[in-house]
Amino acid sequence: HEQTNTEESPTYGEQEVVESQNTGDYTNLNLKPEEAINVYRGKYTDAKITQVQLDQDMGNFVYKVDGFEGTTEYELKIDPMDATILKEDTDTDKDDDLDEMEITREQVEKVMDLVDKALSEAEDGATLKEWTIDADDGLVKLEVELDVDGFDDQERTYNIETGELLEIDN
């Protein structure tokens, strides 16, 4: 019986390591935000991208990319480790609110630097919960949500073009 335990342990340990690469530490993700856009574009060539998000789903990071073409909205959830499409969702928008600003690749390429900046400016021990880039009031903004030890979560909002900190919400 002990023999079986010894054989199973290394396998279990390896799985844990693979699992932990995708939990909590965004720096270990294989896929950059702009590469998540490439995956989306590969599926919906002409769609306008309106939101890109790195979110945690059951403890693992997941990219979520939203966009639309005509009156159809497309959402993809993408594994940031191997670019696998985890979920696709298509919806016909009846609200006619499709005048949202499009997010550019150049804007998305600025995300990781601002996430690093948010973490460096936050309290020690702060970790990334999620970030979202989308347009609000004619401005493309990056919201970085941090988990701060001993405190409530903190949300920092940046102007993606200038890198300016617009708001801190505790």
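Preceding this section is the structure that the text describes.
Here is a short report on the structure shown in this document. (Residues numbered from 1 in each chain as written. Predicted model: local features only at pLDDT ≥ 70, side-chain atom pairs only at ≥ 80, totals over all residues. Heavy atoms only, no water.)

This part covers the pairing of strand 3 (residues 72–78). Among the 7 residues of strand 3, 5 are classified as buried, and the element is accordingly described as predominantly covered. Where strand 2 (residues 60–69) and strand 3 come together, 7 bridges link them in antiparallel fashion. Within the sheet, the bridge partner assigned to Gly 67 lies in strand 3 and is Tyr 74. Linking strand 2 back to strand 3 in an antiparallel pair, the connection comprises 2 residues, with Gly 70 at a positive phi of about 65°. For strand 3 and strand 4 (residues 85–92), the ladder comprises 7 bridges, and the chain directions are antiparallel. The residue of strand 4 that forms the bridge with Lys 77 is Lys 87. If you look at the hairpin formed by strand 3 and strand 4, you'll find 6 residues sitting between the two strands, and Ala 83 has a positive phi there, around 65°. (Buried < 20%, exposed > 50% of the residue type's maximum accessible area, 1.4 Å probe, protein only. Helix = DSSP H or I, 4+ residues; strand = E, 2+ residues; numbered from the N terminus. Pairing = 2+ DSSP bridges.)

Remember, this is a structural readout, not a statement about activity or role.
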